[in-house]
Each structure stands twice: as C-alpha cells, then as structure tokens.
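# Residue-level structure breakdown
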There are 2 protein chains.
Amino acid sequence: MPHRYFTRELAGGQASLTGGDAHHLANVMRARIGEQVVLCGPDGLEYTGTVTSIVPGRVEFSVSEGAPSKAEPDLAVTLFVGYPKQGKLEEIIRHSVELGVQEIVPFFSRYCVAAPKKEDAKNERYNRIAFEAAKQAGRAKIPHVAMPLENFGAVCRALAAYDKTLFFYEGGGEPLRKLLTPGCARRLALITGSEGGFAAEEASAASAAGAIPVGLGPRILRCETAPLAALTAAMLLTGNLE
Amino acid sequence: MPHRYFTRELAGGQASLTGGDAHHLANVMRARIGEQVVLCGPDGLEYTGTVTSIVPGRVEFSVSEGAPSKAEPDLAVTLFVGYPKQGKLEEIIRHSVELGVQEIVPFFSRYCVAAPKKEDAKNERYNRIAFEAAKQAGRAKIPHVAMPLENFGAVCRALAAYDKTLFFYEGGGEPLRKLLTPGCARRLALITGSEGGFAAEEASAASAAGAIPVGLGPRILRCETAPLAALTAAMLLTGNLE
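Keep in mind that what you see is a predicted model, and the values were worked out from it rather than measured.

## Quick notes on the overall build of chain A
- In terms of helices and strands, chain A carries seven helices and 13 strands.
- Each principal axis of the C-alpha atoms in chain A carries an extent, and together these give about 60 × 40 × 30 Å.
- Among the 242 residues that make up chain A, the fraction classed as buried is 41%.
- Considering only intrachain contacts with a sequence separation of at least 6, the fraction spanning at least 24 residues in chain A is 75%.

This is the structure in structure tokens:
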C-alpha cells in the first residue's frame, strides 16, 4: 500500500509536501523521482502523486485527477458533545475520528462540570489530536474540532444546517434501527451530553429545534461511551461500517 | 428510583447485605425497617427486597420473586479480546460492561505486544473494574473477566460453546447488518485483536473453528475502539440498544 500524506498545497495538477512530511518521505522512506504516494487534498479527495522533485525540506509532485476516498463515509456526521472533564474529550475525539466523524462541536450546558478555560490553546491541541487520529485511521479528510459553544441554545441554533438531528436522551424514543437507514441523510447531527446530562428545558429546546430524541438502551452509558455508541450506530445503520 | 445492590446472600425468600453495602444502606441512605431496595441476586435476576432487620454491618430483607432485569440484553455476548498494552484493557472492560457484555476473555496471540505477567493479581483488578462498571451502568448481572488464554488455539477450542462467532478481521466479509438480527443467537462470541492484529494462520484457524470473518469498515480502528464498535453493533442489531 503506498504511503499517504495530507497536503494543503495541491492545485492545477501539482502538489508539494514540506516540513516533517517532506523529511519523512525523502529521508525516512527514501523516495525517488517517479515514485508514487497517495496525497489527501484540502478538498477531502485522494490523489495519486508522482514525485517530480526532491530538495531539502520540499518534495514536489504531479498529481492525477482526485477521487473520493473509500475510507470516507457517504454522510457527514457532526457530533455535538457536552463538554466533559479534561481528558475524556480527547479520547472521544480519537474514537470519533476513527469511526468516521466529520466535525466535533463541544458545548457547555446547564449541568456541565467543566467550565471554559484557555479554550484557544485547548482547541489547537484537540485539532492536533484529530489530525493524528485521521492519519492513523487512514482517513482522507481531517475532521475539525470546533471551538466550544457557550450554551445549549447555541447548539439548537446550529441545527438548521442538518437534514436530521438525533438527541441522545435517557427518555429514549424511537429505536435507532427505525430512524437511520442507508441514504437517510447527507448531513447528520448527533447530540450527546456531559457527565451531568441535560436539563428538561434543554431537551424541550432540542425538540423544538427539530431534534429527534433517541435512547441507547436500558443500560446507563458514561458520557464518553455514549458518543461512540451513537456514532457506531449511525455509521452501521447507514451502511458506512462495512 | 430505589437503590440497587448486588448480593450473593439471597435464597429462600430472604437476603442480606454485609460490609460496605450494609453500611451504605444503613448509615448513608439511613434505611428503615420496611423500606424497599432492588437486590440483584447471584442468578442475575432482580428482586425487591424489604428491610426486615438492621444491625451493625448487616441488613436483612424479605424478597419478592425474582424477575429478569430490563437492563440485561436477551443474548449473552462473550468478548474475546487480544491482550492490549496495560490500561487499554481496563478501558475496554469499562466500556464493554456498559454496553452489555456478559464475559470478557483476554487472550495472547502471535502479534501481541503484551506478555503474561502477574495475571492473577491483574485479573482480580479487572473483575473489580467490571463490578464497579456494572453498578454504575445499572446492570443486574456482573460480567466476568476470565483469566487470559495462552494462545489463539485456546480461543478456537472455546468457540464450540457459542451459537455464533464473529471474527473481526481486516479482510472483512459479509456486512454485520446481514449477520445479526433480533433472536439470531443466544450465545454470541465476538473476537477482536490486539495492537498487532492477527496472523494469517490465526484467521484460518478461526474460520476452521466456525467463526465468521467480518470487517468494521474501511477506516482503521485501534484495538481499543474495535471491541466497542463490535459490541455496539451486536447490541444494536439484535434490538438490545433501545
């Protein structure tokens, strides 16, 4: 299997790698002119790149036409996740990226234990984690971790952008197996809570904003388990886990 | 919701709690004669226990007829999991217990990084973790973590006890959605690998022992993510996550 690299420098049939990736390809992999690698472009497509030039710190390529990656699901899932205690969010990001999430949007809500603190620096770190996880998982797109939303009202206002929103709430509702089928949505939002769960008013607000309340069964899942179960279910039932 | 306690002392319409649980119920919850709690018996059934006596270190109950818990799935899933590096197995145990596993059987295999070391003491710790997770998740049964199997041959020899075995392997196979349906098995085995994955001979041996090879999609899941996705899928597709 050819090696894979993400690059933002890709346009007009040409591409380049710089920095650590260029070093890795030139000096660790000892690539030669004419060798091929897979380049994942900023458009989320995969390209075959043929090495045309190697100079210290820079490798250049001619590239084929881009094609959608088989590693990417056919629906874009955004995970809105109640901000958990430090550390748990990082594990949620890693797992979610492997499972195929497109975007992760942490939010603060009534019963959050966590409070906003140095979120700029944390967000940089979260996106680095997402990038590393995307590389390891063989993704062609780098999922984005958004800056946290200040409250649950901001989550509700964001929902208009999605075809379908599932709100994971202990109250339960229709079985997931009925709600999710192949092709049922192009943009799907999943909302899971923090350690403290949701206030009743938040559940009402979610419903008013068009979210469908759903449960994850009779066992109590921790706030770091629920998003993984929700995302696995979404990928599985839409045919994106096979 | 009444409090829930696990007890092994339950027979003939009577039950008791001792030690920490008795202290919690008597001194923290300040229970009185005649109050009711839910008792989870050693048979995995739930009982309503009515307090008949409170003395230091011991609470006694009369108990109703036992009933299956709604928190328990209608199929018994055993997770055979390739022994990962320290710490990951503990997280797999926690997640799996929440998701409804009945038994976890770690095993060593050709490409395992981990090697057996002080497994008696570790097994005690793993079972404590499973017990705590079962309490938190509202389970009525305490899943068991077995002593690790020495090699993959021992896994294969254990498979005769299951109606159906799914072997999660990068080669993939039939979609999970086709293989798992409500009522498809009473005893289901899931096999996932360690960091190093499986040797080709191990995959052949699993097939020869009746295991069905299945994939978890085109993205590469870490060894701690795959069992959670596999278990979520099994519970979801058999109707046990709603």
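More follows now that the structure is in view.
## Looking at the interface of chain B and chain A
- With 31 residues of chain B in contact, the opposing surface of chain A contributes 31 residues.
- Of all the secondary structure elements, the ones that give two or more residues to the side of chain B that touches chain A are α2 (88-99), α3 (119-137), α5 (176-179) and α7 (226-237) of chain B.
- The dominant element in the side of chain B that touches chain A, judged by the number of residues it contributes, is α7(B), at six residues.
- Counted by class, the side of chain B that touches chain A contains 15 nonpolar, nine polar and seven charged residues.

## Some words on the pairing of strand β11 (residues 164-168) of chain A
All names here are of chain A.
- Along β11, four of the five residues are buried, which leaves the element largely enclosed by surrounding structure.
- Two elements, β11 and strand β12 (residues 187-192), share four bridges in a ladder whose sense is parallel. Of the residues in β12, the one forming a bridge with Thr165 is Ala189.
- In this structure, β11 lies alongside strand β13 (residues 212-214), joined through three bridges in parallel fashion. By the bridge assignment, Phe167 is partnered in β13 with Pro213.

## Observations concerning the nonpolar core
- Among the nonpolar cores identified, the biggest contains 110 residues, and Leu190(A) and Leu190(B) are the most heavily contacted of them.
- The next biggest cluster of nonpolar side chains, apart from the first, holds 13 residues, and it includes Tyr5(B), Leu25(B), Tyr47(B) and Phe61(B).

## Some points on the packing of helix α2 (residues 88-99) of chain A against helix α3 (residues 119-137) of chain A
All names here are of chain A.
- The geometry of α2 relative to α3 is characterised by a closest axis approach of 8 Å and an angle of 35 degrees between their N-to-C directions. When you trace α2 past α3, the crossing you get is right-handed. Along its contact with α2, which presents Leu89, Glu90, Ile93, Arg94, Val97 and Glu98, the element α3 presents Tyr126, Ile129, Ala130, Ala133, Ala134 and Ala137.
- When the residues that make up the contact of α2 with α3 are grouped by side-chain class, the tally is nine nonpolar, no polar and three charged.

## Describing the sheet that holds strand β10 (residues 144-145) of chain B
Residues and elements named next belong to chain B.
- The six strands are arranged β10-β9-β8-β12-β11-β13 in an open sheet whose pairing can be described as parallel. Edge strands, defined here as strands with exactly one partner in the open sheet, are β10 and β13 (212-214).
- The strands touched by α2 within the sheet are β8 (76-82), β9 (103-107) and β10, with β9 carrying the most contacts at an inclination of about 160 degrees.

## Describing the domain arrangement of chain A
Residue and element names in this part refer to chain A.
- The domain boundaries assigned to chain A delineate domain 1 (4-68) and domain 2 (76-237).
- The straight-line distance from the C-alpha centre of domain 1 to that of domain 2 is 33 Å.
- Opposite the six residues of domain 1 that make contact, domain 2 presents four residues.
- For the side of domain 1 that touches domain 2, the secondary-structure elements that each account for two or more residues are β1 (4-6) and β5 (45-55).
- Per-class residue counts for the side of domain 1 that touches domain 2 are three nonpolar, one polar and two charged.

## Concerning the pairing of β5(A)
All names here are of chain A.
- Across five bridges, strand β4 (residues 36-40) lies against β5 in antiparallel orientation. Across the sheet, the residue bridging to Gln36 is Thr50, located in β5.
- Note: β5 against strand β7 (residues 67-68), two bridges, orientation antiparallel. When the bridges of β7 are listed, Leu45 appears paired with Pro68.

## Comments concerning the environment of Lys122(B)
- Here Lys122(B) shows up in helix α3.
- The class for Lys122(B) is partly exposed, based on 18 C-beta atoms found within 10 Å.

## Here's the deal with the relation of the copies chain B and chain A
- Superposing chain B onto chain A requires a rotation of 180 degrees together with a translation of 0.0 Å along the rotation axis, leaving an RMSD of 0.0 Å. Such a combination of rotation and displacement between the chain copies is what one expects of a two-fold axis.
- An overlap of 100% is found between the interface residues of chain B and their copies at the interface of chain A, pointing to a shared contact surface.

## A short note on α2(A)
- Taking 1.5 Å of rise per residue, the 12 residues of α2(A) would be expected to cover 16 Å, and the 16 Å separating its terminal C-alpha atoms lies within 8% of that figure.
- Within the sequence span of α2(A), burial applies to Leu89(A), Ile92(A), Ile93(A), His95(A), Ser96(A), Val97(A), Glu98(A) and Leu99(A).
- Contacts made by the buried residues of α2(A) are with β8 (76-82), β9 (103-107), α3, β10 (144-145) and α7 (226-237) of chain A together with α7 of chain B.

## Let's talk about the sheet that holds β10(A)
Residue and element names in this part refer to chain A.
- Spatially, β10-β9-β8-β12-β11-β13 is the arrangement adopted by the six strands of the open sheet, whose pairing is parallel. With partners counted over all chains shown, the strands left at the sheet margins are β10 and β13, one partner each.
- The sheet strands contacting α2 are β8, β9 and β10, and the helix crosses β9 at an angle near 160 degrees.
- Each of β8, β11 and β12 touches α7; the most contacted strand, β12, lies at about 155 degrees to it.

## A closer look at the environment of Ile33(A)
All names here are of chain A.
- Along the chain, the position of Ile33 falls in the loop between α1 (19-28) and β4.
- Between the alpha carbons of Ile33 and Glu60 there is a distance of 9.3 Å; along the sequence they are 27 residues apart.
- Excluding residues that lie within four positions of it along the chain, Ile33 makes contacts with Val51, Thr52 and Ile54.

## Focus on unusual backbone geometry
- A positive phi angle, near 50 degrees, is found at Arg30(A), a position not held by glycine.
- Along the polypeptide, Arg30(A) turns up in the loop between α1 and β4.

Here is what the cut-offs are and how they apply
Residues numbered from 1 in each chain as written. Chains lettered and ligands numbered in written order. Predicted model: local features only at pLDDT ≥ 70, side-chain atom pairs only at ≥ 80, totals over all residues. Helix = DSSP H or I, 4+ residues; strand = E, 2+ residues; numbered from the N terminus. Buried ≥ 20, exposed ≤ 12 C-beta atoms within 10 Å, placed from the backbone. Contact = placed C-beta atoms within 7 Å. Nonpolar A, V, L, I, M, F, W, Y, C, P; charged D, E, K, R; others polar. Pairing = 2+ DSSP bridges. Core = buried A, V, L, I, M, F, W, Y, C linked by C-beta atoms within 7 Å. Axes fitted to C-alpha atoms, helices over the stretch in contact; angles between N-to-C directions. Left-handed = near helix turned anticlockwise from the far one by under 90°. Domains from an automatic or database assignment. Least-squares fit on C-alpha atoms with pLDDT ≥ 70 in both. Expected span 1.5 Å × (residues − 1).

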